[in-house]
Amino acid sequence: MNKVLSLDQAVSRVRSGCTLGLGGMTLYRRPVAFVRALLRTDVTDLTLLALTCGYESDLLVGAGRVRRLRTCYFGLEGFGLAPMFTQRATAGEVEIVEETEASLAFGLRARLAGVGFMPSLAWLGTDLPKVRPDVKLVTDPYSGREYTAFPALHVDVAAIHALEADRLGNARLIGNLGLDQELAAVADQVIVTAERVVEELSGPLELPGFPVTGVVEVPHGARPTSCYPDYGLDGDELLNYIDACSAGEFDAYLGQLLSSP
Amino acid sequence: MADATDYTTDDLMCTCISRQVQDGEVLAQGIATPLVAAGYLLAKHTHAPYVTFASAIGNVICQKTAPLGLTRVEELWLGQALCFLGFAQVVCDLLPTMTPKEFFRPAQVDPFGNFNNVAIGDYYHPRLRLPGCGGIADVTGFSPVVYLYVPSHSRAVFVEKLDFVSGLGVPTADRPGRRPGPRLLISDLGVFDYACGRMRLRSYHRGVTVEKIRQKTGFALEVDPDAHETPPPTVEEIRLLREVIDPLGIRELERMSGAQRRPRMRELVRQEKSREYREGWK
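No experiment lies behind these values; they were computed from the predicted model shown.

**Q** Account for the overall build of chain B, naming residues and giving values.
**A** Regarding its fold elements, chain B presents 9 helices and 14 strands. Scaling as 2.2 N^0.38, a compact globule of 282 residues should have a C-alpha radius of gyration of about 19 Å, and chain B matches this with 19 Å. Overall, chain B is about 55 × 45 × 40 Å in size when its C-alpha atoms are taken along their principal axes. For chain B, the residues scored as buried account for 50% of the 282 residues in total. For chain B, the proportion of contacts with a sequence separation of at least 24, taken over those separated by at least 6, is 67%.

This is how it looks when you write it as structure tokens:
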């Protein structure tokens, strides 16, 4: 068996209107090369689902490819606000399904457990339920207490960047696991991009290959986000991006990014 | 140990955070919170050598430390990890029962310590959409060890009524419960508690008057009759912050305006790339 694909073959699994899950978190091990290749297609109307959204998601939002967002944090960490998200979300140009760590984590776990929801202490007393009327309460049959019932989440395609992978999709992630293991387990299609793809990896590994449907070798595939321990954040590039957006030059930045190899 | 006289507001905030840490406890650190990271490390280097860190960055548990970083911040956590966790494991299995101590930074906070990190203005037509509340709405309803910090105390942050409640303060008729609410709030002007059910000044920082704090707070401020000047850092605490914990001064970024930050960040990126610096802390 061989799951190795080209990057173009891998992004062709993403259809307009689908739910795309992105691996890694904030500015660490994000599938940036995958997103760049996706931006070269005409796929649009996406629901983007990620524990946290950063540079890679800001490109998709800035390019107008995202209809709906499901994340608990969209920003560039110490580098500040994500400029295009902040602009478009403030202008009401992108639909936000307000999420938190718990709604995403319990939602994925509900799907993994094959049940419709998971109960949690989260959100009780806050304003989150007001903007998420789809999230209901459930009564504990033993104590009678009320809990938040986070509904199961579905993901069509998950894209996860790894340090190393093999031809079967087994992958080494090291840290910043985020929701990568859960995304890989629930998604219909799981694409792993990796700094290097080898014949056969030996364990222990963070991601077993059986749910993986495509593997792509993409050196520097997370840049300018990091891929520990191979490379750290490219702080200059993140600042260049923020400067370009502040100057109203997102389109020019994106054009240049997509025309470079 | 002698009191320091040469210290910044950032140094004092880190010291106040450090002094809230007890040895042996578990400390959670969110993303983009270098004042908190520096405060935790200061505690580790002084009175709390056996604390354990649960860091969002890396999703790891650590006991060892490294200096603060901007582009190399992962090395602080991943390079020292005792164990790696998935985020769902942290959120579903650990936080509800382990309840680590955590310092949150509100974008808006009301007199009761409820706070907002979601949107300024009407939720559906915001004046400014914020990054989102991470896990704040998940844990502040039950955690016994919630702390708040505000790097720039102003009437824009301290408001009578929140635009959105994503973090819970002390129980009120509107938002009842059995949680204790935030233990303290540390700002760049002073230290506050909620012992009387509303935000109350406990100590004011050097050079700050009670009147100034009232002017910068958008609601009626309670003042503890025993309010006093915040005890200064010691000479040793300042040495640790400047030489060991954060020689680059990354903790200063949180109080900078956007216009100050970007050139400073360019400079920090350049310094972190420089070979001399990297060899210096390896």
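**Q** Quick rundown of the interface of chain A and chain B? Include the residues and the values.
**A** Opposite the 49 residues of chain A that make contact, chain B presents 46 residues. Only helix H4 (83-90), helix H5 (101-113), helix H6 (128-131), helix H7 (180-186) and helix H8 (235-246) of chain A provide two or more residues apiece to the side of chain A that touches chain B. Per element, the largest residue contribution to the side of chain A that touches chain B is 6 residues, and it comes from H5(A). Tallied by class, residues from the side of chain A that touches chain B come to 24 nonpolar, 18 polar and 7 charged.

**Q** So, the sheet that holds strand E7 (residues 146-151) of chain A: which residues are in play, and what are the values?
**A** Residue and element names in this part refer to chain A. The strand order E5-E7-E6 describes an open sheet built from 3 strands, whose pairing is antiparallel. The sheet terminates laterally at strand E5 (117-120) and strand E6 (136-139), the two strands that pair on one side only. Shown here is a sheet whose adjacent strand axes are inclined to one another by a mean of 45 degrees, direction ignored. With 4 bridges joining them, E6 and E7 adopt antiparallel strand pairing. Each residue of the ladder has a partner; that of Val138, found in E7, is Tyr147. Taken strand by strand, H5 contacts E5 and E7, and its axis lies near 70 degrees from that of E7.

**Q** Could you give an account of the sheet that holds strand E2 (residues 52-55) of chain B, with specific residues and numbers?
**A** Pairing between the strands of a sheet is mediated by backbone hydrogen bonds and can be parallel or antiparallel. Residues and elements named next belong to chain B. Ordered by their spatial adjacency, 10 strands build an open sheet running E4-E3-E2-E1-E5-E10-E11-E12-E13-E14, and the pairing between neighbours is mixed. Two strands lie at the open edges of the sheet, namely strand E4 (81-84) and strand E14 (222-229), each paired on one side alone. Ignoring strand direction, the axes of neighbouring strands in this sheet form an average angle of 20 degrees. The sheet strands contacting helix H2 (residues 34-45) are strand E1 (26-29), E2, strand E5 (101-104) and strand E10 (146-150), and the helix crosses E1 at an angle near 160 degrees.

Reading the values: the criteria
Residues numbered from 1 in each chain as written. Chains lettered and ligands numbered in written order. Predicted model: local features only at pLDDT ≥ 70, side-chain atom pairs only at ≥ 80, totals over all residues. Helix = DSSP H or I, 4+ residues; strand = E, 2+ residues; numbered from the N terminus. Rg over C-alpha atoms; globule rule 2.2 N^0.38 Å. Buried ≥ 20, exposed ≤ 12 C-beta atoms within 10 Å, placed from the backbone. Contact = placed C-beta atoms within 7 Å. Nonpolar A, V, L, I, M, F, W, Y, C, P; charged D, E, K, R; others polar. Pairing = 2+ DSSP bridges. Axes fitted to C-alpha atoms, helices over the stretch in contact; angles between N-to-C directions.

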